Amino acid sequence: MNMPPKLFVIAPTGKMGKLIIQAAIRRKIPIAGALGRKGAAYIGQDIGEVAQSGVRLNRMVSEDPCAASEADVIIDFSTTERSMEVLDLAVRYGKPLVCGTTGFSKEQKERLLEASTKIPLLYAANTSKAVHLMKRLLEITAKALGEQAQIDLIELHDALKLDAPSGTSKELGESIASAMGKELEEIAVYGRCGKGIRPDGEITFHSIRSGDISSSHSVIFGLQGERLEITHHAHNWQCFAEGAVDCALFLHDKSVGMYHVEDVI
């Protein structure tokens, strides 16, 4: 029987880091360590307690990146700047990396791609399996209706969400554009204002940031006399945490390369 990989979680007090640790504990997947912010008050405290899991793991949160050397897979849902440091760390120790951080620049995405020539790397703006099935539905719809419709992508997140549109929104938009045989930036519009008749075939992004709203993405294909809506609501972030753990289990024994949630599904 194969043993599950030992996980190393970045930012264990973060919204996702905390839930990933809780999910791993529930599923009896070992946690080798967690990397916290240097000088943070929780450094040296038990990982299970820091993640509010109700379980002591007898493993302490570290501020030393070298602690990652004991792990089998690194999971990172932090910030773009921190993720670049984590990327270098994963390459240094030859560790598979699941990266769910969003908001990367073009140059940062190129660094991710370059790193995937050295380590197994799974990058996902969204680790929900249902969202990736949604992408398939959007591709089917866009091929059939995209040129005839006005397409709106409406996404809601909490007020602390840093990037707009979200990484998930961009991935959904790219799937729609690709199905229409176009590049997203050729047909993307970010918000609407002013005056004038709207042309067909555009994808307009609307980003709402408010309170503690959990992730929600809706795509509307507007037609004459009817409309088609495809929507995914996350009631909380648990689905993303479970998906991240699934990604880590998948990535554990893979060869060097870039992987995506579609590969896990």
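Please read these numbers as outputs of a predicted model, since none were measured by experiment. (Residues numbered from 1 in each chain as written. Predicted model: local features only at pLDDT ≥ 70, side-chain atom pairs only at ≥ 80, totals over all residues. Heavy atoms only, no water.)

A. Spotlight on the sheet that holds strand β9 (residues 203–209). Taking strand neighbours across the sheet as the criterion, the five strands line up as β8-β9-β7-β10-β11 in an open arrangement whose pairing is mixed. Each edge of the open sheet carries a strand with a single partner, namely β8 (188–190) and β11 (226–233). Neighbour-to-neighbour, the strand axes of the sheet open up by a mean angle of 20 degrees, direction not taken into account. Sheet analysis places strand β7 (residues 150–157) next to β9, joined by seven bridges and oriented parallel. Paired with I154 across the bridge in β9 is H206. Against the sheet, helix α5 (residues 129–145) engages β10 (216–223) and β11, with an angle of about 165 degrees to β11. Seen against the sheet, helix α6 (residues 167–179) touches β7, β9 and β10 and runs at an angle of roughly 165 degrees to β9. (Pairing = 2+ DSSP bridges. Helix = DSSP H or I, 4+ residues; strand = E, 2+ residues; numbered from the N terminus. Axes fitted to C-alpha atoms, helices over the stretch in contact; angles between N-to-C directions. Contact = heavy atoms within 4.5 Å.)

B. Seen up close, α5. With 17 residues, α5 extends 24 Å from end C-alpha to end C-alpha; this agrees with the ideal 24 Å at 1.5 Å per step. By the burial criterion, the buried members of α5 are V131, H132, M134, K135, L138, T141 and A142. Buried residues in α5, looked at end-on, bunch into an arc of 165 degrees, giving them a common side. The exposed residues of α5 that point more than 90 degrees off its buried face are I140, K143 and A144. Those residues of α5 hidden inside the fold are in contact with α6, β10, β11 and α9 (261–264). The opening residue of α5, the one whose side-chain oxygen lies 3.2 Å from the backbone nitrogen of A130, is S128. (Expected span 1.5 Å × (residues − 1). Buried < 20%, exposed > 50% of the residue type's maximum accessible area, 1.4 Å probe, protein only. Arc of directions from axis to C-beta. Polar contact = N/O pair within 3.5 Å; in protein donor to acceptor, adjacent residues only side chain to side chain.)

C. Quick look at the layout of surface pockets. Within this model, the largest pocket holds a volume of roughly 880 Å³. Forming the walls of the largest pocket are 37 residues, and the residues nearest its centre are K15, M16, F77, S78 and K161. Elements with a minimum of two residues in the lining of the largest pocket: α1 (15–26), α3 (80–93) and α6. Sorting elements by how many residues they give to the lining of the largest pocket places α3 first, with three residues. Along the lines of polarity and charge, the residues of the lining of the largest pocket split into 10 nonpolar, 19 polar and eight charged. In this structure, the second largest pocket spans a volume of roughly 660 Å³. Looking at the second largest pocket, it is lined by 28 residues, and the ones nearest its centre are K109, Y123, K170, E171 and E174. Per-element tally for the lining of the second largest pocket: the top contributor is α6, with five residues. The class makeup of the residues in the lining of the second largest pocket is 11 nonpolar, six polar and 11 charged. (1 Å grid on protein atoms, 1.4 Å probe; cavity = no way out; pocket = protein on both sides within 12 Å on 5 of 7 lines; lining within 4 Å. Points joined across faces, edges and corners; volume = space filled by probe spheres on them. Nonpolar A, V, L, I, M, F, W, Y, C, P; charged D, E, K, R; others polar.)

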